[in-house]
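Close look at the chain arrangement
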Amino acid sequence: MTFDKITMDHGSGGKLTLELIENIFKANAGLDSAILGDIAFTTDSHSITPLFFRGGDIGKLSVSGTMNDLLCVGAKPMYLSSAFIMEEGFLISDLKKIVQSMLSEAKSANVEIVCGDTKVIESNKGFYVNTSAIGKIIRPIDGSKIKEGDKIIATGNIGEHGFAILNERENLQLTSHLASDCAELTGLILPIIESDLEIHWMRDPTRGGLAMCLNELCYKRDFGVEVFEELVPISQEVLSISEMLGIEPYYSANEGKMVIVVPPKDASKILDLLHKHPLGKNASLIGEITKDHPQKVLLNLSYGTKRLLSMPIVEKMPRIC
Amino acid sequence: MLAIKVKIYGIVQGVGFRPVLYNIFKSYTGWVRNSSCCVELYIESAKPINIERIIIKNKPKNAFIRSIDYSVHKIKKCAYRSFVIKYSQEKNNQKNINITPDWGMCKSCQKELFDITNRRYLHPLITCTDCGPRFSIAKDGLFDRLNTTMSAFEMCNACTKEYTDSSQRRFHAQTISCKQCGPRYFYVKNNQAVLKDIQAIQKAAIDLTRSKVGLLKGIGGYHLICNCLDKLAVEKIKYIKHREEKPFAVIVRDIETAKKYAYLQKSEIDILESQIKPILLAKSKNDYLKLVNLESPFVGIMLPYAPIHLLLFYFSRLDCLAATSANLSESPLIYKDSDAVNFSGVDFVLLHNRKILRPIEDSIVHFSLNKQLIYRYARGFAPSPFYLKGVKPNILALGADMKNNIAITLKDTIVLSQYTPDLSNYENYEQFSRKVNDFLSFFDIKKVDLAICDKHPNYLSSSYAREAFPCVVETQHHKAHFASVLMENDYYGDCVAVVLDGTGFGDDGNIWGGEFFVKEKTLIKRIGHIKYFPIFFGDKAIKEPYRIAASYMYEVTKDIEYVKFLFPEYKDVISLIPKLKPALTSSAGRLFDAVSALINIKHKNTFEAQSAMLLEYEAEKHKSTKILDYKINDFIIDFSETLKTIAKRRDLLSARVFHNTFTQAIFENVLSISKHTGIDTIALGGGVFQNSLVFAGLYKKLIKAGLKVMFNSRFPINDGSIAIGQIYLAKEGICV
Ligand SMILES: [Fe+3]
Ligand SMILES: [Mg+2]
Ligand SMILES: [Zn+2]
Ligand SMILES: [Zn+2]
């Protein structure tokens, strides 16, 4: 299928986003942040409906997402810029709330917001935040050391942000307590980066969920990924929503989780470290790197069969004939 | 003196052609040999010979002659002293398509098997030039013993004598063996071969009479087998396969037994007894086989196609065995011995040591109005050559995802592969990718000029194509269904088509599946369809058809409380419907799902198309000819009135009434499209035609209206022939 226009699927963080980056921006869909000597640099734009949701708001999200992207390459977040594009008529009180969340999230990450920008557009055109950030590389983590047999760790329950947002946005009333997992992870991840334990790769499984994250892990590489359904931490609540909606939790976004690839020797030590932090209490080893099927992510189902966990391409399109 | 050089093309190797020719021409001098494209014959004769006539008249039973080329030259003297069979020529650059499918055992071998005076009395791997494994054991297209896994078995003196003696039935039978020199059977328990040969078989036979479940190695893979009248044993198989509700096929002792269980027409008996020996879905006569049939009014029945089947019947005195592919539900068939002996849950494994190179499942065939409809194209069918017009580039067509058969073209021939189930199961996907590579190397295709795949963005076969081949063309699923009918019928003129299917990706981004096309010259236009209705919840809706019924009823009533009232047990899910964004579909299959759920036949499927099948079975029970309201506008059929009425009645008779209404509406639409376009040739394609009421009902109406009707009979009527259609579209350069 070829496209001559941008579709929503181009922004879903799936295969089409990847193709956009490669074919139009002519950039490498590589790491979450650029590594520039001992500095890491990243940028992220945020648009979300609703702006305020259970578990956070666009302000919190715009800081945590960018912080987490820095952590991914082994950097300690230092400075943040913020830019707002807001529609005419936007409530000052809402803006205050958003800025407040940004500040408190930045504080929790020990980061300074050092510059910013504001633009106002016509009414009903939305509210967007862009953040850029600089971090200090503690040790570069660029995926070059990934080896067959490496273990894959997820730092907590998956799928919560995506389902929580869907639930609120569409007023599905599926649950009263599911909240977005939106969180900046410096407290959880920095100790690992600063430890002497080996880390081969890290990424926050945001848009496209765990499935997309793992596909990116082996994209154009000579190895593949094996994940075990039974080991992936998923809450009962997410499971039942997934069942009702017919959407798999593997494709649902996370905003406060990290996927970490580590050599087997350090896997349990890293798990121990993660478990010590409240955001990592459900951390779990979910799979490993394999040479058996390069560039493919396989999900081992509990009753013995295997399934390709492919890159999300077009949503809502049944494949079954 | 004349030298006559002959080339015989078609299905001519592995069918005993050389021995036949040897016997005809042994009084002359010259030779016969298999070359990579044909059988070649060289005869020296004083007088002219009517060579074509002689060859055609004496051709072996399973041979199919496509053409005979010959030339006659004058020579001064004979170059040969006798007539000989030459060993196959070294492989050259020419491509080869002479391999035959695996064939079920022949009557002569059957007779010998139980003839106490015969050297092969009770030999469990008896074969001859007319029967036995071919494709599943061949390394490449030249069917010579050395190219097969029979090369591991050195012929004994007695076999060598038969092999080289032109008066013998097994003269040049590549799979010849006997109890002394051939492969043998072993009875394996807990990973240990504890018995062999006849003892092994006898033990397995006794086990089968005692509620035991075994894994049996046959021709193209392993079966799970048990006594199909034994409740305990059948339950065990269901447990092993994780499969509660899907019927199992049975192998019955003989055709008389088959007639006891099923109503069989002549054409059905013929296919059961043919060398194809598929599973035949025939109408059950009684409920003897209810343990394996479950709710189906059909029984999937086959005759013994490997000698081991007959021996198990012989020693167990049973009449029928449940025989289902050994795998977990919807995973690939087990064909490796190492996987079989480690398979958990069975009481024994009965295997032989002739290696299977490629797994091939049982084919499934059904007859409607005495016409053959293929549901699964595998053992006995694949790989049969089909002839194309003109010389073409090497095309590889990757087919569809849910039922996958791929196809290749070799010059003027097209070959459809064996079937692989749902590619979303990774082991199936692996088997599919092995199959692609195997096919290319088997037929010696060094470069694929063009790969064709379905345009569905989420098809795994399509992403495979884009990753593996530089030049890829995408075709629309239902146009490929249509084109497969055109290809099979060698038809190039203008045509109207109705494709009734599950779901496929449409040109407009919606999900198609109830489509009306017009082909004029090289243009296929979608002229009509079943009116779009919303479908929520993605693949889940297809697995749980109540979701489709609910979506449909919400669309046509806009009253969510009413829909909740229809399905109170799912009111939580249903209350989501007004809040979600749907996809749109024109699928016929989904409409059957909706009705099935509406009248409470099936709310959730445990296997593909289950709810639609059960709806058909229910409809068969009623004799009504009643038709409900529907609307047609601009060749778009709207069944909302039909479904509204059914939702009010919710009786089982509605199953039948819906079939009547559906068939009538489709017929009416085809008829008016035919009138509108002036085209009176109609093609029928798509998986919904597996529904006998729809197929037979529509076919009869169309014929009665004076239209010419084409459909898939030699190729599958379902997605199994997508690859064939893909090739037609590419080859004819049809602008789609
Ligand atoms: Fe189809
Ligand atoms: Mg980001
Ligand atoms: Zn035979
Ligand atoms: Zn022998």
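Residues numbered from 1 in each chain as written. Chains lettered and ligands numbered in written order. Predicted model: local features only at pLDDT ≥ 70, side-chain atom pairs only at ≥ 80, totals over all residues. Heavy atoms only, no water.

1. Description of the coordination of the magnesium ion (ligand 2)
Around the magnesium ion (ligand 2), the protein supplies D44(A) (OD) and D69(A) (OD) as donor atoms, at distances of 2.4 Å. Residue D44(A) is found in strand 2 (residues 39-46), and its partner D69(A) is found in helix 2 (residues 58-72); the two are separated by 25 residues along the sequence. (Donors = N, O, S within 2.8 Å, 3.2 Å for Na, K, Ca; no water. Helix = DSSP H or I, 4+ residues; strand = E, 2+ residues; numbered from the N terminus.)

2. Some points on the domain arrangement of chain A
Residues and elements named next belong to chain A. If you check the domain split of chain A, you get domain 1 (31-137) and domain 2 (150-308). Relative to domain 2, the C-alpha centre of domain 1 lies at a distance of 23 Å. At the boundary of domain 1 with domain 2, total buried surface from both sides reaches about 2,000 Å², with 59% on carbon and sulfur atoms. On the domain 1 side of the contact with domain 2, R54, N68 and L71 bury the most area, a combined 32% of that side's loss. Put simply, domain 1 and domain 2 have 1 salt bridge between them. D32 is the salt-bridge partner of R203, the closest N and O atoms lying 2.7 Å from each other. (Domains from an automatic or database assignment. Buried area = accessible area lost by both parts, 1.4 Å probe. Salt bridge = Lys/Arg side-chain N within 4 Å of Asp/Glu carboxyl O.)

3. Details of the coordination of the iron ion (ligand 1)
All names here are of chain B. H477 (NE2), H481 (NE2), D501 (OD), D501 (OD) and D719 (OD) make up the full set of protein donors to the iron ion (ligand 1), lying at 1.9 to 2.8 Å. Read in sequence order, the donor residues for the iron ion (ligand 1) give the motif H-x3-H-x19-D-x217-D. Within this pair, H477 and its partner H481 are both found in helix 14 (residues 477-488), separated by 4 residues, close to a single helical turn. Here H477 and H481 have matching classes, each one buried. (Buried < 20%, exposed > 50% of the residue type's maximum accessible area, 1.4 Å probe, protein only.)

4. Observations concerning the UniProt feature "domain: PurM-like C-terminal" (unreviewed entry) in chain A
Look at the UniProt record and you will see "domain: PurM-like C-terminal" (unreviewed entry) annotated at residues 147-296 of chain A. Within residues 147-296 of chain A, the helical portion is 34% and the strand portion 15%, while the C-alpha atoms at the span's ends are 15 Å from each other. (UniProt positions renumbered as here; feature names shortened; annotations may be inferred.)

5. What to know about the pairing of strand 22 (residues 413-416) of chain B
Each regular strand displays side chains that alternate between the two surfaces of the sheet. All names here are of chain B. Because side chains alternate across strand 22, one face comprises the buried residues T413 and V415, and the other comprises I414 and L416, equally buried. Across 3 bridges, the pairing between strand 18 (residues 385-387) and strand 22 is antiparallel. Among the inter-strand pairings, F386 is bridged to a residue of strand 22, identified as I414. Alignment of strand 21 (residues 407-410) against strand 22, held across 4 bridges, turns out to be antiparallel. Within strand 22, the position partnered with I408 by the bridge is V415. Where strand 21 folds back on strand 22, the antiparallel hairpin that results is connected by 2 residues, among which K411 adopts a positive phi of roughly 50°. (Pairing = 2+ DSSP bridges.)

6. As for the UniProt feature "domain: PurM-like N-terminal" (unreviewed entry) in chain A
UniProt marks residues 33-137 of chain A with the feature "domain: PurM-like N-terminal" (unreviewed entry), using the numbering shown here. Segment residues 33-137 of chain A splits into 30% helix and 47% strand. End C-alpha atoms: 11 Å apart.

7. Notes on the layout of surface pockets
Residues and elements named next belong to chain B. The calculated volume of the second largest pocket comes to roughly 620 Å³. As for the second largest pocket, its lining consists of 28 residues, of which S368, E620, S692, L693 and A696 are closest to the centre. Secondary-structure elements contributing two or more residues to the lining of the second largest pocket are helix 8 (266-273), strand 12 (279-284), strand 16 (364-368), helix 22 (653-677) and helix 23 (692-704). With 6 residues, helix 23 is the single largest residue contributor to the lining of the second largest pocket. Grouping the constituent residues of the lining of the second largest pocket by class yields 9 nonpolar, 12 polar and 7 charged. (1 Å grid on protein atoms, 1.4 Å probe; cavity = no way out; pocket = protein on both sides within 12 Å on 5 of 7 lines; lining within 4 Å. Points joined across faces, edges and corners; volume = space filled by probe spheres on them. Nonpolar A, V, L, I, M, F, W, Y, C, P; charged D, E, K, R; others polar.)

8. Things to note about the interface of chain A and chain B
In this complex, chain A contributes 28 residues to the contact, which on the side of chain B involves 46 residues. When the two sides are added together, the surface that chain A and chain B hide from each other amounts to roughly 3,400 Å², 61% of it contributed by carbon and sulfur. Where K296(A) meets E467(B), a salt bridge forms, and the shortest distance between an N and an O atom there is 3.6 Å. When contributions to the side of chain A that touches chain B are tallied by element, the ones reaching two or more residues are helix 7 (236-245) and strand 14 (306-308) of chain A. Across the side of chain A that touches chain B, the residue classes tally to 14 nonpolar, 7 polar and 7 charged. (Contact = heavy atoms within 4.5 Å.)

9. Quick notes on a nonpolar patch on the surface
All names here are of chain A. Taken together, the side chains of L36, I39, F41, Y79, V114 and I134 present a nonpolar region at the surface, about 510 Å² in accessible area. On the secondary structure map, Y79 appears in strand 5 (residues 75-87). Residue Y79 is classed as partly exposed on the basis of its relative accessible area, which comes to 38%. (Patch = residues over 30% accessible without salt bridge, like charges linked within 9 Å, V, L, I, M, F, W, Y side chains within 5 Å. Areas by Shrake-Rupley, 256 points an atom, 1.4 Å probe, with all protein chains shown as cover.)

10. A few points about the sheet that holds strand 3 (residues 39-45) of chain B
Residue and element names in this part refer to chain B. The strand order 4-1-3-2-5 describes an open sheet built from 5 strands, whose pairing is mixed. On the outer flanks of this sheet lie strand 4 (64-74) and strand 5 (83-85), each paired with one strand and no other. Pairwise comparison of adjacent strand axes, ignoring direction, gives a mean angle of 15° for this sheet. Examined bridge by bridge, strand 2 (residues 29-34) and strand 5 share 3 bridges and lie parallel to one another. Looking at strand 5, one finds that V32 is bridged to I85. Across the face of the sheet, helix 2 (residues 51-58) comes into contact with strand 1 (2-11), strand 3 and strand 4 while running at roughly 150° to strand 4. (Axes fitted to C-alpha atoms, helices over the stretch in contact; angles between N-to-C directions.)

11. Quick word on the pattern of salt bridges
All told, the structure shown has 59 salt bridges over all chains when counted by the stated rule. Between E22(A) and K220(A) there is a salt bridge, with the nearest N and O atoms lying 3.2 Å from each other. Linking E22(A) in helix 1 (residues 15-23) with K220(A) in the loop between helix 6 (209-217) and strand 10 (224-228), this pair joins segments that are 198 residues apart in sequence. The exposure class assigned to K220(A) is exposed, which follows from its relative accessible area of 55%. For the salt bridge of D222(A) with K291(A), the shortest nitrogen-to-oxygen distance reads 3.1 Å. Placement of the pair is D222(A) in the loop between helix 6 and strand 10 and K291(A) in the loop between strand 12 (284-290) and strand 13 (297-300), with a sequence separation of 69 residues. Take D222(A): its relative accessible area is 47%, and that puts it in the partly exposed class. Under the relative-accessibility criterion, K291(A) is labelled partly exposed at 38%. Taken together, the shared-partner salt bridges in this structure form one network comprising E112(B), R119(B), R120(B), E162(B), R169(B) and R170(B).

12. Looking at the confidence of the model for chain B
Residue and element names in this part refer to chain B. Per-residue confidence for chain B averages 92 on the pLDDT scale, and 98% of its residues sit at or above 70. Of the regions scoring below 50 in pLDDT, residues 90-95 engages in 15 contacts with residues more than four places distant in sequence or in other chains. Interface predicted TM-score (ipTM) for the complex: 0.87; the corresponding pTM is 0.90. (pLDDT = per-residue confidence, 0-100.)

13. A closer look at the sheet that holds strand 13 of chain A
All names here are of chain A. Within the open sheet, the 7 strands sit side by side as 9-11-8-12-10-13-14. Their pairing is mixed. Since the sheet does not close on itself, it has two edges, and those belong to strand 9 (201-203) and strand 14, each with one partner. Neighbour-to-neighbour, the strand axes of the sheet open up by a mean angle of 25°, direction not taken into account. As paired elements, strand 10 and strand 12 share 4 bridges and run antiparallel to each other. Bridge pairing in strand 12 links V227 to G287.

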